[in-house]
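Below, each chain spelled out in residue letters.
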Amino acid sequence: MNGGQDLGGMHGFGPIAPEADEPRFHAAWEKRVFGLAMAMGYTGVWNLDASRSAREALPPGEYLTSSYYAIWLKALERQVRAHELATLEELSSGTVSTPPAPVARVLKGEAVEPLFARGFPSDRPVDAPARFAAGERVRARILNPAGHTRLPRYVRGHVGTVETVHGGFVFPDTNARLAGEAPQWLYTVRFCGRDLWGAEAEPGHAVSVNAFESYLEPVEPEPVP
Amino acid sequence: MNGGQDLGGMHGFGPIAPEADEPRFHAAWEKRVFGLAMAMGYTGVWNLDASRSAREALPPGEYLTSSYYAIWLKALERQVRAHELATLEELSSGTVSTPPAPVARVLKGEAVEPLFARGFPSDRPVDAPARFAAGERVRARILNPAGHTRLPRYVRGHVGTVETVHGGFVFPDTNARLAGEAPQWLYTVRFCGRDLWGAEAEPGHAVSVNAFESYLEPVEPEPVP
Amino acid sequence: MAQNHQDQDHHDHDHHAHEESELSPMDLRVRALESVLVEKGYVDPAALDALIETYETKVGPHNGARVVARAWVDPTFRARLLADATPAMRELGIGGRGGEHMVVVANTPETHNLVVCTLCSCYPWPVLGLPPVWYKSPPYRSRAVIEPRAVLGEFGVTLPASQGIRVWDSTAELRYMVLPMRPAGTAGLDEAALAALVTRDAMIGTGLPRPPGGAG
Amino acid sequence: MAQNHQDQDHHDHDHHAHEESELSPMDLRVRALESVLVEKGYVDPAALDALIETYETKVGPHNGARVVARAWVDPTFRARLLADATPAMRELGIGGRGGEHMVVVANTPETHNLVVCTLCSCYPWPVLGLPPVWYKSPPYRSRAVIEPRAVLGEFGVTLPASQGIRVWDSTAELRYMVLPMRPAGTAGLDEAALAALVTRDAMIGTGLPRPPGGAG
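None of the values given here were measured: they were computed from a predicted structure. (Residues numbered from 1 in each chain as written. Chains lettered and ligands numbered in written order. Predicted model: local features only at pLDDT ≥ 70, side-chain atom pairs only at ≥ 80, totals over all residues. Heavy atoms only, no water.)

A. Quick peek at the overall build of chain C. The secondary structure content of chain C amounts to 12 helices and 4 strands. A total of 216 residues make up chain C; the buried ones form 57% of that total. Sequence-distant contacts in chain C: of pairs separated by 6 or more residues, those separated by 24 or more amount to 66%. Counting only carbon and sulfur atoms, one obtains 54% of the accessible surface of chain C, whose full area is about 8,600 Å². (Helix = DSSP H or I, 4+ residues; strand = E, 2+ residues; numbered from the N terminus. Buried < 20%, exposed > 50% of the residue type's maximum accessible area, 1.4 Å probe, protein only. Contact = heavy atoms within 4.5 Å. Areas by Shrake-Rupley, 256 points an atom, 1.4 Å probe, with all protein chains shown as cover.)

Here is the structure:
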C-alpha cells in the first residue's frame, strides 16, 4: 500500500538524529511490546508479513507521528482484536471476560533460545524456473495495490539490472493477507540513482531492492540508434 | 518537494467524510487565519507560491495531523518570522516589542472588494515559442526537488498527451523561493489512468495535470513494431 | 444603540470580546498573531473584516449555478464558456481571486469530469466559494486520481461503465468547474429554476444536478 | 532471599511493581494487553522475559564485529562470507531470527555500501542486535536512497567523489551487513583487537572503522 511507511525519497523529515547513548528501549513498556509481538507472532494466528501490513495500515498521519514501538503496539492490538483473540473491552480493562481462542502454538520460555538462535527461514522451493537471469535489464512494474506489497513506490516504472537470483521465497503480498505463502523467485535489482531521481539528483550512487518475480517485467530490447 | 502535501495515489486515509452542514469555518480563529493569510499575501513580502511552499514544508506527520487552517496558521507564523516581520517572542506574547519592517503594500478595507473581484492573474508573456503542441506525446520528467514544485509524484516518468497549450504563466518553483516569476509555457497533459496506476487499477479513467514546460520532455518516436 | 446578541456576533469590531469565556489555545495563538500584525501596520483590521465577510457570506456556489443554468439555456454562451471561461463568466459579473484563469469542462454521456487538487486546495472561489473540508482533506486528495469511481460511489454517484471519468488535478493557477448535463424533464424551467437544480457537488463532479421537482 | 534494588529491576517477575508511581498511559495500555494475552494462555511470561533478555543484553554488534575481524584475517573465510554469508556466520555460532538469509557486502575503494529499510525496520539482528531509533525513523529511511552522500555527511563520513555509493534497501527477508575495508596500520593487531575497531555504524555503512590506537 502507498501508506505512511513507504518513505523512500520523501522530503521534510529533517536531519537524522542519532542519540548519544542509543538505548535499545526507551521505556519499560517498549520492552514488553517487543516481547509480546515476538511471542504472538509465534502463535501462528498471523505471520510477519501480516504484522508489517497491520503496522503500515495505520493512517499515514498517525504512523508518522507515532514512535516505533507505539506503531507495533497499535498494530498488535488491532491484530488481536481482528482475530478475536481478545475484545476491546478486555484490552481496555486488562481483565479477561471471554474464553480464549485456540492458537496453533505457544512460545515457551525454554524454547526461545533454541528457536530464535535457529531462526525462521523464508526460503521455499519454487517449481518453475526463474524468469529473469543475472545481468538482465528489467522494469519494476507499475503496481499500486491497496494491500501489502514490498515494492516501494520509488522504483516502480524504472528500469534496473538483475544482479542476483536468490531462489524462492515466501511472497509477502499474499502471505500478509493470510492467502498463502505462494513462493516466488526473489531477485536483487540494481537501479542507477540518476534513473530513479533524475538528472538533478545527487550523483554517483546506485540503489538496489529485493524484488519478487511478479514485481518485474522484461524490458523490450532497445532499438539500435 | 516530496512532502506530506503530495497525496495523489496514497492509501490509508479512509473514507471521504462530508459534513452534514459543511460550515466554511469551524471556529472563530479559522476566519481570522484566512483573513490574515489573504492580507499578508498582499503585502508583497512573499507570494502565493511561497505560502504553499511554507505549508508543505511542515514535517509530513505534522502536515497530515493538522487541520487545514492550522496548516495555514503554522505556515504564516513561519513566514512572518522568517521575513523578520515579527519575533517569536512577539508572536508568543501578542505584544509588539520591535519596530515594524517595511512592506510594499497594505491591503486597505475599502480595497478588498475591487481587488478581489478583479483577482490577481498569473499569466505572463513568454518570448520563446511553445516547445510542445496539442496532441503531442510527452513524458513528465523525473524530478525530485527538495523545494517547491507543482509536478506531483504520481505522474513523474509517465507519458501523456498534450491537450492544451495555455500560454505563459508564473513558474511556481522559482517564484516560491522568491527567485523570480520566470514564466513558462503551461500545458494540460492527459494521462491514461492505467498508465499511471497499472493494469490492476480501476479501469476507465484519465487524469490530467497542468504542467509547466520544464516539467516535460519529448518522447522519442516509438519504433514501428 | 441597542444591540442584541446576534448583532454583536456579526458586527462588533472587537470580534473576540464575547468569546472570552471559551478561548481555546488556537484562539489565543491566532489572536496574538493578529494583534502583532495589526499593531505593526501590516494588516488593516477593516480588510480582515471585508475578506471574511466576502468569503463567508457573498461568494458561493449560487454563482456557479447561475453560470451552469445560463449555459443550459443559451448555446452561444455555452460555446463561449467552454472556449474561454473567464471572460464568459465576466458577462455574468463573476470572477476574481481564485478564478483568474477558469476552465469549464462539460460532462457528456461518454465522459464525466471530476476536479481535485492533490497538492493543496485549489478551487474556483468565484463560482463555488471556499471549499468544504472534505475537498481539502487527504482522503479525497489521495483517492480522486487513483480510484475516482470508488470515490464517486461514496458520494452516491454510480456511473455506467461506458462513461469514462476524466479527473482534473489543479496543479497550476487554472481553476476548473464542471458543467453537468442538463437533467431530463427540465424543458419548461426558466433559468432561475434550473440554477436551483445545480448543486455545488455537481460543479466539482462529485455529484449530479437534482432532478426537477425533487424533494430539493 | 535478600534482594537489592538492582536485583529487583532485573529479576522480579512482577516487572511493573516498582514503577507503580510513574506509570504512563502507555505503560497502563501495554500492561492491560500483556495481562489479557498471558491470562488467555497465548503468551508465556517466561518467553517474554527470555525474548527481552536475549535482545536487550545478548545479541548486539559485538557479533558482527567478530565476523568482520575474522574476514579481515582469514581470506578463505572472507570468500565464504561474501559468497554465502549465512553458513559462514554459523561457523562463528552466529545466526537466527532476523538473519536467516544474510548477505555481506564488501566496501572497496570504488564502492561504499549503505544499508537501509525504507519500508519498515529490517535489520540483521544476529550480527547487529536491535536497530537504533534513527535507523527506524523517517529521516534516515526517506533520505538514504535519494541523497546517501548527504546522509553520510551527517554521520561525519565524507567519501571521495570517485567512490560510488551502493544503497541496499532491505525490501525482502535478506539482511545486509557491510564488510568495511580494513583500516591502514592494523597489520600487527590480532582478531580481538581488530574487532574492537569495528563499530556498529561501520557495518550499516553510516560509519567507518575506528583507526588503530585512536581514542576509542
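B. Representation of the sheet that holds strand S4 (residues 205-212) of chain B within the structure. Strands sit in the order S5(B)-S1(B)-S2(B)-S3(B)-S4(B)-S3(C)-S2(C) across an open sheet of 7 strands; the sheet is mixed. Every other strand in the sheet has two partners, leaving strand S5 (216-218) of chain B together with strand S2 (111-116) of chain C as the edge strands with one partner each. Strand-to-strand twist in this sheet, taken as the mean axis angle between neighbours without regard to direction, amounts to 35°. Sheet topology places S2 of chain C next to strand S3 (residues 164-169) of chain C; 6 bridges connect them, and they run parallel. Residue pairing across strands places Leu-114 of chain C opposite Val-167 of chain C, the latter belonging to S3 of chain C. (Pairing = 2+ DSSP bridges. Axes fitted to C-alpha atoms, helices over the stretch in contact; angles between N-to-C directions.)

C. Quick look at the domain arrangement of chain C. According to the domain assignment, chain C contains domain 1 (2-58) and domain 2 (61-204). In this structure, domain 1 of chain C and domain 2 of chain C have C-alpha centres spaced 33 Å apart. (Domains from an automatic or database assignment.)

D. Quick look at the side chain of Ser-53 of chain B. Relative to the elements of secondary structure, Ser-53 of chain B occurs in helix H2 (residues 48-56). When residues no more than four places from it in sequence are discounted, the contact partners of Ser-53 of chain B are His-148 and Ala-176 of chain B.

E. Structural context of the interface of chain D and chain A. Contact with chain D, which involves 80 residues of that partner, is made by 90 residues of chain A. Taken together, both faces of the contact between chain D and chain A bury some 7,300 Å²; the carbon and sulfur share is 62%. Here chain D and chain A share 8 salt bridges between them. When the shortest N-O distance is used, the salt bridge between Glu-34 of chain D and Arg-32 of chain A registers 2.8 Å. There are 44 residue pairs in polar contact (both at pLDDT 80 or more) connecting chain D and chain A. When contributions to the side of chain D that touches chain A are tallied by element, the ones reaching two or more residues are helix H2 (25-39), helix H3 (45-58), helix H8 (133-136), helix H9 (138-143), helix H10 (148-154), strand S3 (164-169) and strand S4 (175-179) of chain D. Examining the composition of the side of chain D that touches chain A, we find that 11 residues originate from one element, H2 of chain D, more than from any other. Taken together, the residues of the side of chain D that touches chain A break down into 41 nonpolar, 16 polar and 23 charged. Bridge count for strand S4 (residues 205-212) of chain A against S3 of chain D is 5 bridges, and the pairing is parallel. From the neighbouring strand, Val-207 of chain A faces S3 of chain D, where its bridge partner is Val-167 of chain D. (Buried area = accessible area lost by both parts, 1.4 Å probe. Salt bridge = Lys/Arg side-chain N within 4 Å of Asp/Glu carboxyl O. Polar contact = N/O pair within 3.5 Å; in protein donor to acceptor, adjacent residues only side chain to side chain. Nonpolar A, V, L, I, M, F, W, Y, C, P; charged D, E, K, R; others polar.)

F. Seen up close, the packing of helix H4 (residues 68-82) of chain A against H2 of chain D. It is at 12 Å that the axes of H4 of chain A and H2 of chain D come closest, and there the two elements cross at 35°. Every pair of crossing elements has a handedness; the one defined by H4 of chain A and H2 of chain D is left-handed. Between H4 of chain A and H2 of chain D, the residues in contact are Ala-70, Leu-73, Lys-74, Leu-76, Glu-77 and Val-80 of chain A and Met-26, Arg-29, Val-30, Leu-33 and Leu-37 of chain D, respectively. (Left-handed = near helix turned anticlockwise from the far one by under 90°.)

G. Structural view of the sheet that holds strand S5 (residues 216-218) of chain A. Here we have 7 strands laid out as an open sheet, ordered S5(A)-S1(A)-S2(A)-S3(A)-S4(A)-S3(D)-S2(D), and mixed in their pairing. The sheet terminates laterally at S5 of chain A together with strand S2 (111-116) of chain D, the two strands that pair on one side only. The mean inter-strand angle of the sheet, taken between neighbouring strand axes irrespective of direction, is 35°. Of the pairings in the sheet, the one linking strand S1 (residues 137-140) of chain A to S5 of chain A comprises 3 bridges and is antiparallel in character. Paired with Ala-140 of chain A across the strands is Leu-216 of chain A, a residue of S5 of chain A.

H. Spatial organisation of the state of the cysteines. Enumeration over the complete set of coordinates arrives at 0 disulfides over all chains. Between Cys-117 of chain D, a free cysteine, and Cys-120 of chain D, which holds the nearest cysteine sulfur, the sulfur-to-sulfur gap is 3.5 Å. (Disulfide = S-S within 2.5 Å.)

I. Looking closely at the packing of helix H2 (residues 48-56) of chain A against H4 of chain A. All names here are of chain A. Two numbers describe how H2 lies on H4: the axes approach to 8 Å, and their chain directions differ by 110°. Comparing the axis directions of H2 and H4 gives the class roughly perpendicular. Considering only the axes of H2 and H4, their crossing is right-handed. For the pair H2 and H4, the contacting residues are Ala-50, Ser-51, Ala-54 and Arg-55 in the first and Ile-71, Trp-72, Ala-75 and Gln-79 in the second. Of the residues in the contact of H2 with H4, the class split is 5 nonpolar, 2 polar and 1 charged. (Parallel < 35°, antiparallel > 145°, perpendicular 65-115°, else oblique.)

J. Representation of the pairing of strand S2 (residues 159-169) of chain B within the structure. All names here are of chain B. In this structure, strand S1 (residues 137-140) lies alongside S2, joined through 3 bridges in antiparallel fashion. Paired with Arg-139 across the strands is Val-159, a residue of S2. Across 7 bridges, the pairing between S2 and strand S3 (residues 184-192) is antiparallel. Bridged to Gly-168 within S3 is Trp-185.

K. The pattern of salt bridges, seen in detail. Evaluation of the coordinates by the stated rule reveals 41 salt bridges over all chains. With a shortest N-O distance of 2.5 Å, Arg-200 of chain C and Glu-22 of chain B are connected by a salt bridge. Of this pair, Arg-200 of chain C sits in helix H12 (residues 200-204) while Glu-22 of chain B sits in the segment before helix H1 (28-42), which puts the two residues in different chains. For the residue pair Arg-200 of chain C and Glu-22 of chain B, the accessibility class agrees, reading buried in each case.

L. Quick look at the packing of aromatic side chains. Residues and elements named next belong to chain B. Applying the stated criterion across every chain yields a total of 48 aromatic pairs over all chains. Here the aromatic rings of Tyr-68 and Trp-72 are separated by 5.4 Å at their centres, their planes lie at 45°, and the arrangement is tilted. Residue Tyr-68 and its partner Trp-72 are both found in helix H4 (residues 68-82); the two are separated by 4 residues, about one turn of the helix. On the basis of relative accessible area, Tyr-68 is assigned to the buried category, the value being 18%. Accessibility expressed as a relative area gives 7% for Trp-72, which makes it buried. On the basis of an interplanar angle of 20° and a centroid distance of 5.3 Å, the ring pair of Tyr-154 and Trp-197 is categorised as stacked. Linking Tyr-154 in the loop between S1 and S2 with Trp-197 in helix H8 (residues 193-197), this pair joins segments that are 43 residues apart in sequence. The class for Tyr-154 is buried, based on a relative accessible area of 3%. (Phe/Tyr/Trp six-rings, centres within 6.5 Å; stacked < 30°, edge-to-face > 60°.)

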